[in-house]
Amino acid sequence: MFLFRQFFLQFPKALDEAAKIDGCSRLRTLLRIYVPASLPVFATMALLKSIGSWNQYTWPLVITNEDSMRTVQLALSIFKTEYAIQWNYILAATTLIALPVLLLFLLLQKYYVQGIVTSGVKG
């Protein structure tokens, strides 16, 4: 929420007033001016929330009963037994698990960086 707040504080009041003079309603101003200008912050938030959801461990562990319903992060625990830890399998699986998040970041990197840079700048 703080990221959105800081981003929307950077818009000048004159922009809202100009839209009002041009005859735009509040909804049209939001949809035509603010939402297209806010794509970086929406992409940044989507990236951060998807990474947070992807990396959850405890909640899927609590709500699933069967091994077939477990997430990939929980599958890593299969390679750790009471007597041995199969580090080669854990590291290979961790690499594969990280690939979708890395790919998502590479696709949204431009928006992510732009959203972080402009969210703290007021002008």
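Please read all numbers here as calculations on a predicted model, not as lab measurements. (Residues numbered from 1 in each chain as written. Predicted model: local features only at pLDDT ≥ 70, side-chain atom pairs only at ≥ 80, totals over all residues. Heavy atoms only, no water.)

1. Looking at the overall build of the protein
Scanning the protein for helices and strands turns up seven helices and zero strands. Taken against the 2.2 N^0.38 rule, which gives 14 Å for 123 residues, the C-alpha radius of gyration of the protein at 21 Å runs more than 25% over that of a compact globule. Dimensions of the protein along its principal axes, counting C-alpha atoms only, are 70 × 30 × 20 Å. Classification of the 123 residues of the protein by burial places 20% in the buried group. Relative to all contacts within the protein whose residues are 6 or more apart in sequence, the contacts with residues 24 or more apart total 58%. Taken as a whole, the protein presents about 9,300 Å² of accessible surface, with 67% of it coming from carbon and sulfur. Taking the average location of the 11 positive side-chain charges in the protein and that of its 6 negative ones, the two points are 11 Å from each other. (Helix = DSSP H or I, 4+ residues; strand = E, 2+ residues; numbered from the N terminus. Rg over C-alpha atoms; globule rule 2.2 N^0.38 Å. Buried < 20%, exposed > 50% of the residue type's maximum accessible area, 1.4 Å probe, protein only. Contact = heavy atoms within 4.5 Å. Areas by Shrake-Rupley, 256 points an atom, 1.4 Å probe, with all protein chains shown as cover. Lys, Arg positive; Asp, Glu negative; His and termini not counted. Charge placed at Lys NZ, Arg CZ, Asp CG, Glu CD.)

2. Overview of the packing of aromatic side chains
As enumerated under the stated definition, the model contains seven aromatic pairs in all. Between Phe-8 and Phe-11 the ring centres are 5.9 Å apart and the planes differ by 35°, which places this aromatic pair in the tilted class. Assessed through its relative accessible area of 33%, Phe-8 is described here as partly exposed. What makes Phe-11 buried here is its relative accessible area of 16%. Following the ring pairs from residue to residue traces out a cluster consisting of Phe-4, Phe-7, Phe-8, Phe-11, Tyr-34 and Phe-42. (Phe/Tyr/Trp six-rings, centres within 6.5 Å; stacked < 30°, edge-to-face > 60°.)

3. Here we look at the environment of Leu-61
By the element assignment, Leu-61 lies in helix 5 (residues 58-63). For the pair Leu-61 and Phe-11, spaced 50 residues apart in sequence, the C-alpha separation works out to 43 Å. Setting aside its immediate chain neighbours within four residues, Leu-61 contacts Arg-70 and Leu-74.

4. Points about the nonpolar core
Of all hydrophobic cores here, the largest spans six residues; its members are Leu-3, Phe-4, Phe-7, Phe-11, Tyr-34 and Val-41. Examining the composition of this core, we find that three residues originate from one element, helix 1 (residues 2-9), more than from any other. Ignoring any residue separated from it by four or fewer positions in sequence, one finds Phe-11 in contact with Tyr-34, Ala-37 and Ser-38. (Core = buried A, V, L, I, M, F, W, Y, C linked by side-chain atoms within 4.5 Å.)

5. A few points about the packing of helix 1 against helix 4 (residues 39-54)
Put simply, helix 1 and helix 4 touch, their axes get as near as 10 Å, and they point 170° apart. Classed by the angle they form, the pair helix 1 and helix 4 counts as roughly antiparallel. Touching Leu-3, Phe-4 and Phe-7 of helix 1 are Val-41, Phe-42, Thr-44 and Met-45, all from helix 4. Per-class residue counts for the contact of helix 1 with helix 4 are six nonpolar, one polar and no charged. (Axes fitted to C-alpha atoms, helices over the stretch in contact; angles between N-to-C directions. Parallel < 35°, antiparallel > 145°, perpendicular 65-115°, else oblique. Nonpolar A, V, L, I, M, F, W, Y, C, P; charged D, E, K, R; others polar.)

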